[in-house]
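The residues making up each chain are set out below.
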Amino acid sequence: MNQLLSVLVHTPAHSPLRGPLSYLSPQPLPPGSLVRVPLGQRELLGVVWDAPSAAATAPAAERLRPLSGVLDGIAPLSAAWRELVRFCASYYQRSVGEVALAALPPQLRELSSAQLGRRLKRHAKAPEPGSDGPQIAPESIAMTPEQARAVAEIAQNPGPFLLFGATGSGKTEVYLQCVQALLAESPQAQALVMVPEINLTPQLEARFHARFAPRYGAQALVAMHSGMTPAQRLQSWLAAHSGAARIVLGTRMAIFASMPGLKLIVVDEEHDPSYKSQEGARYSARDLAVYRGRLEGARVLLGSATPSLESWHHSRPTAEGGRYQRLTMALRIGAAAGPDQVGAAGALPRVRRVDMNHQPKHCVLSPPLLQAMAERVARGEQSMVFLNRRGYAPVLHCGDCGWKSECAHCSAFRVFHKIDRTLRCHHCGFTERVPRACPACGNPDIAPLGRGTERLEEHLAELLADVRRPGTASALHPMGEPVRIARIDADTTRLKGTLAAQLAQVHAGDVDVLVGTQMIAKGHDFRRITLVAAVNPDGALFSSDVRAPERLFSLLMQAAGRAGRDAAVGGHSEMWLQTHYPQHPLFEALKRHDYAGFAAQQLLERQQAAMPPFSFQALVRAEARTQEAAQGFLEAVRSAAPALPEAERLLAEITIFPPVPMTIQRIADMERSQMLVESPSRAALQRFLGVWQETLHLTRAEAPGRGVVRWAVDVDPLSI
Ligand code: ADP
Ligand code: ZN
Ligand code: ZN
């Protein structure tokens, strides 16, 4: 007797097939089983979903197709995993099939049952945990009192926890200790540790490996991020799913790892925007971590030196409505305990502001900053200069006719890259050789406007041309060797392995001055850097984006955290800011290393303006060939809202703002428009978006003539 099964498959975003599909199976299969099913001419991977209702069986049962196969070597996905996927789809307004299938390793979709069978056999043959080499006890570290207190609190309370620890206060050691306690306590327990960027995984991986491989075997630790090959990703996934991997270390996608013994989730640098997906289901892995923790009874530990204002607000005292437990570690490792640790060995760097109003006109690097860098070189120390813009210059410009290097396909300028003499659009990728003369008037004298990291590197080399490295005098360089400048940004690290090689050079001391984008400001543990400089941080001070100050503050705090990590040289480490607004409260707070003060002031502003976390937002975005069509689509769904079920009640708590063009209005010849939906109640917003979704689908389906190509909802958007 054939059984009726509901099966989730991956269906395209705007497909009318949004729920599970029905198939026949000769045997009953529990929900969560992985199967292959026919769809049209194709055969797809599917996940057996909850039992279909009786009503669904009635129509057209005779037309249903049978399953093509069952991946029976893989245990069904757990109820908790399915609930996580269901919640994510519902909260972020996507189809369950899309979320479920995107959460599985891509290779699972491609391999035939036979190929998979071979893979599983190989996997089973992998050595048992702990069987590789002698079992050395992990090096044990004496925790600082602050660390010990945090670890004890985490053991004794349910959480979620916000570990608010200064850069270099030893947060990672707290993660290691918590994981260690967990693994020792139960042989089945698993821990998930997330970092914001692939670039930061190797470092953390090395520390976890050093700690846990000796006792639990190298296989006990697996990585999960998009830089891995499909085969590696499948292998990690299987290891996590089978319980063989005790620790999963990954980027945001790892939040969906199937882990039967999950007992701890760590979200390092929880404030980082990379935790929010910007495509498909626009989920926040940090927020899902908190949800998943509650769902599975796993402890959740969010860590940051500059928490997101949302998490900070959630960790206010319980009496004021806080839901997270805040654990503070204010002292840097190696810093003497005391009220003023600024400037002391191992302490936080002194913040110095250069008032650019009093510097020579058009100067990019102010004389006092250059002087300070030259002194560093003379002492054999390193400096780091960052500027958040890659390329040579953001625009190429003709002084005669006013031509600028606009992109033909986007409402943005193409960036001049001198190294290969190209104009590249950083939005759509459109690239051309730099013209010999102005394309509009023929003037041969077109010039770069503004400055990116490539130009800054060149400029620094000129300005520091006379500075010599100490103790390097030789026959070849009687006065000593010239300064070594290196640049790290997305352009210099395009090839796999180049970032690691460049970082190794910095660590080895082969670099005196490191230039780069925010890529170098985050996470990397540079021991001998005693000067960090932000060349032009002013842009974010007056941005229309409410989160711009928060992001700038955390970036500068993180960058400052790169300096003076080595107690031997840290005593005089400095963070330099070149600004036209030295008295700005953001810089004042930064000077005091006062995240709490900064956050309090920001939260007050947010509260007065009824912005998140005091309200809840969603953006509906539409893309079309014309701006008119994109806005027309949004206007149509907006005006349909009052006719929806429950509309009267829901709309009392919801504001739908009129559609507007997005900041970058056109990308790759697609006009973009968006509409903000806001509510003081998360529940009301969720319910409203739920009933509204059908309208979005129908409006697009009913009006193909309007030319709306795509729409998407972004719940809890990071920028507006
Ligand atoms: P964070 O993650 O807060 O930036 P880390 O965990 O990376 O800080 O710690 C900073 C440095 O201090 C690291 O080199 C780490 O090995 C070291 N460290 C951490 N905890 C201790 C400790 N209890 N004793 C000695 N060194 C420590
Ligand atoms: Zn011209
Ligand atoms: Zn473009």
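Not measured: the values here are computed from a predicted model. (Residues numbered from 1 in each chain as written. Chains lettered and ligands numbered in written order. Predicted model: local features only at pLDDT ≥ 70, side-chain atom pairs only at ≥ 80, totals over all residues. Heavy atoms only, no water.)

Quick notes on the overall build of the chain
In terms of helices and strands, the chain carries 20 helices and 28 strands. What you see for the chain is a C-alpha radius of gyration of 28 Å, in line with the 27 Å of a compact globule of 720 residues. Each principal axis of the C-alpha atoms in the chain carries an extent, and together these give about 90 × 70 × 55 Å. By residue count, 53% of the 720 residues in the chain fall in the buried class. Of the roughly 31,200 Å² that the chain leaves accessible, carbon and sulfur atoms contribute 55%. (Helix = DSSP H or I, 4+ residues; strand = E, 2+ residues; numbered from the N terminus. Rg over C-alpha atoms; globule rule 2.2 N^0.38 Å. Buried < 20%, exposed > 50% of the residue type's maximum accessible area, 1.4 Å probe, protein only. Areas by Shrake-Rupley, 256 points an atom, 1.4 Å probe, with all protein chains shown as cover.)

Structural notes on the side chain of Glu-550
Tracing the backbone shows Glu-550 in helix α15 (residues 548-561). Setting aside residues up to four positions removed in sequence, Glu-550 forms contacts with Pro-307, Ser-308, Leu-309, Glu-310, Phe-598 and Arg-606. (Contact = heavy atoms within 4.5 Å.)

What to know about the coordination of the zinc ion (ligand 2)
For the zinc ion (ligand 2), the protein coordination sphere consists of Cys-398 (SG), Cys-401 (SG), Cys-438 (SG) and Cys-441 (SG), at 2.3 to 2.4 Å. In terms of primary sequence, the donors binding the zinc ion (ligand 2) are separated according to C-x2-C-x36-C-x2-C. You can see Cys-401 sitting in the loop between β15 (395-398) and β16 (415-417) and its partner Cys-441 sitting in the loop between β18 (431-433) and β19 (446-449), a full 40 residues away along the chain. On the basis of relative accessible area, Cys-401 is assigned to the partly exposed category, the value being 39%. (Donors = N, O, S within 2.8 Å, 3.2 Å for Na, K, Ca; no water.)

Digging into the nonpolar core
Ranked by size, the top nonpolar core spans 126 residues in total, and within it Leu-34, Leu-104, Phe-256, Leu-556 and Trp-692 carry the most contacts. When residues of this core are assigned to their parent elements, the largest contribution, 8 residues, is made by α15. Listed in part, the 29 residues of the second largest apolar core include Leu-163, Val-179, Val-193 and Leu-204. (Core = buried A, V, L, I, M, F, W, Y, C linked by side-chain atoms within 4.5 Å.)

Some remarks on the packing of helix α18 (residues 627-640) against helix α20 (residues 682-702)
The geometry of α18 relative to α20 is characterised by a closest axis approach of 10 Å and an angle of 140° between their N-to-C directions. In terms of orientation, α18 lies oblique with respect to α20. In this structure, α18 meets α20 at a crossing whose hand is right-handed. Here Phe-633, Ala-636, Val-637, Arg-638 and Ala-640 of α18 come into contact with α20, specifically with Trp-692, Thr-695, Leu-696, Thr-699 and Arg-700. Its residues assigned to classes, the contact of α18 with α20 shows 6 nonpolar, 2 polar and 2 charged. (Axes fitted to C-alpha atoms, helices over the stretch in contact; angles between N-to-C directions. Parallel < 35°, antiparallel > 145°, perpendicular 65-115°, else oblique. Left-handed = near helix turned anticlockwise from the far one by under 90°. Nonpolar A, V, L, I, M, F, W, Y, C, P; charged D, E, K, R; others polar.)

Focus: the sheet that holds strand β9 (residues 247-250)
Here we have 7 strands laid out as an open sheet, ordered β8-β9-β7-β10-β11-β6-β12, and parallel in their pairing. The open sheet has two free edges, formed respectively by β8 (221-224) and β12 (325-329), since each of these has just one partner strand. Adjacent strand axes in the sheet meet at a mean angle of 20° when their direction is disregarded. Both strand β6 (residues 161-165) and β12 contribute to a ladder of 5 bridges, which runs parallel. Each residue of the ladder has a partner; that of Leu-163, found in β12, is Leu-327. Across the sheet, helix α10 (residues 285-296) touches β7 (190-194), β10 (262-268) and β11 (299-304), and the angle it forms with β10 is around 160°. (Pairing = 2+ DSSP bridges.)

Some words on the coordination of the zinc ion (ligand 3)
The zinc ion (ligand 3) binds to the protein through Cys-407 (SG), Cys-410 (SG), Cys-425 (SG) and Cys-428 (SG), with metal-donor distances spanning 2.3 to 2.4 Å. Each of the 4 donor atoms around the zinc ion (ligand 3) contributes to a set of angles spanning 106 to 113°, which defines the coordination as tetrahedral. Written as a sequence motif, the donor residues of the zinc ion (ligand 3) are C-x2-C-x14-C-x2-C. Remark: Cys-425 occurs in the loop between β17 (422-424) and β18 and Cys-407 occurs in the loop between β15 and β16; sequence separation between them is 18 residues. As far as the burial class goes, Cys-407 and Cys-425 line up, both buried. (Tetrahedral: all angles 85-135°; square planar, octahedral: opposite > 155°, others 65-115°.)

So, the site of ligand 1
Gln-147, Gly-168, Lys-171, Thr-172 and Arg-207 are the nearest of the 17 residues found near ligand 1. Contact distances for ligand 1 include 2.8 Å between an oxygen atom and a backbone N or O atom of Gly-168. Burial of ligand 1 by the protein amounts to 76% of the accessible area it has alone, namely 550 Å². The element that contributes the greatest number of residues to the shell around ligand 1 is helix α7 (residues 171-185), accounting for 3 residues. Counted by class, the shell around ligand 1 contains 5 nonpolar, 7 polar and 5 charged residues. (Near = heavy atom within 4 Å. Polar contact = N/O pair within 3.5 Å; in protein donor to acceptor, adjacent residues only side chain to side chain.)

Digging into the confidence of the model for the chain
Across the chain, pLDDT averages 87, with 92% of residues at or above 70. With pLDDT under 50 throughout, residues 54-59 is counted as low confidence; its partners more than four residues away or in other chains account for 2 contacts. Low pLDDT, under 50, characterises residues 129-136; the stretch is placed with 15 contacts to residues that sit more than four places away or in other chains. (pLDDT = per-residue confidence, 0-100.)

As for α10
The end-to-end C-alpha separation of α10 is 16 Å, in line with the 16 Å expected for 12 residues at 1.5 Å each. Where burial is concerned, most of α10 is hidden: 9 out of the 12 residues are buried. The complete set of buried residues in α10 reads Ala-285, Arg-286, Leu-288, Ala-289, Val-290, Tyr-291, Arg-292, Gly-293 and Glu-296. Of the surrounding elements, those touching the buried residues of α10 are α2 (79-91), β7, β10, β11 and α11 (309-314). (Expected span 1.5 Å × (residues − 1).)

Considering the environment of Leu-676
Structurally, Leu-676 can be placed in strand β27 (residues 670-679). Sequence separation between Leu-676 and Ala-596 is 80 residues; the distance between their C-alpha atoms is 30 Å. Every residue in contact with Leu-676, bar those within four places of it in the chain, is listed here: Gln-617, Ala-618, Leu-619, Thr-655, Ile-656, Phe-657 and Ile-720.

Topic: the packing of aromatic side chains
A complete count under the given rule lists 14 aromatic pairs for this structure. Geometrically, the ring pair formed by Phe-87 and Tyr-91 is stacked, given 5.5 Å between the ring centres and 25° between the ring planes. Placement of both Phe-87 and Tyr-91 in helix α2 is noted, with a separation of 4 residues, approximately one turn of the helix. Over the ring of Trp-312 we find Arg-326; its NZ or CZ atom is 3.5 Å from the centre of that ring. (Phe/Tyr/Trp six-rings, centres within 6.5 Å; stacked < 30°, edge-to-face > 60°. Lys NZ or Arg CZ within 6 Å of the ring centre and 35° of its normal.)

A few points about the pattern of salt bridges
Where charged atoms of side chains with opposite charge meet at close range, the side chains can pair. For the coordinates displayed, the defined rule picks out 34 salt bridges. The salt bridge involving Arg-86 is made with Glu-83; its shortest N-O contact spans 2.8 Å. Note that Arg-86 and Glu-83 are positioned in helix α2 at a spacing of 3 residues, about one turn of the helix. Classification of Glu-83 by relative accessible area gives partly exposed; the value is 22%. (Salt bridge = Lys/Arg side-chain N within 4 Å of Asp/Glu carboxyl O.)

Structural notes on α18
With 14 residues, α18 should cover 20 Å at 1.5 Å per step; its first-to-last C-alpha distance of 20 Å lies within 8% of that length. Those residues of α18 that fall on the buried side of the exposure criterion are Gln-627, Ala-629, Ala-630, Phe-633, Leu-634 and Val-637.

Here's the deal with the environment of Gly-471
With respect to the helices and strands, Gly-471 occurs in the loop between α13 (453-463) and β20 (485-488). Note on Gly-471: relative accessible area 88%, which makes it exposed. Considering only alpha carbons, one finds Gly-471 and Ser-573, 102 residues apart in sequence, at a separation of 22 Å.

Quick look at the sheet that holds strand β4 (residues 42-48)
Strand order across the open sheet formed by 5 strands is β2-β1-β4-β3-β5, with antiparallel pairing between neighbours. Each of the sheet's edge strands pairs with one partner strand only, and the pair in question is β2 (21-25) and β5 (69-70). Note: strand β3 (residues 34-39) against β4, 6 bridges, orientation antiparallel. In the strand pairing of β4, Val-37 is matched with Leu-44.

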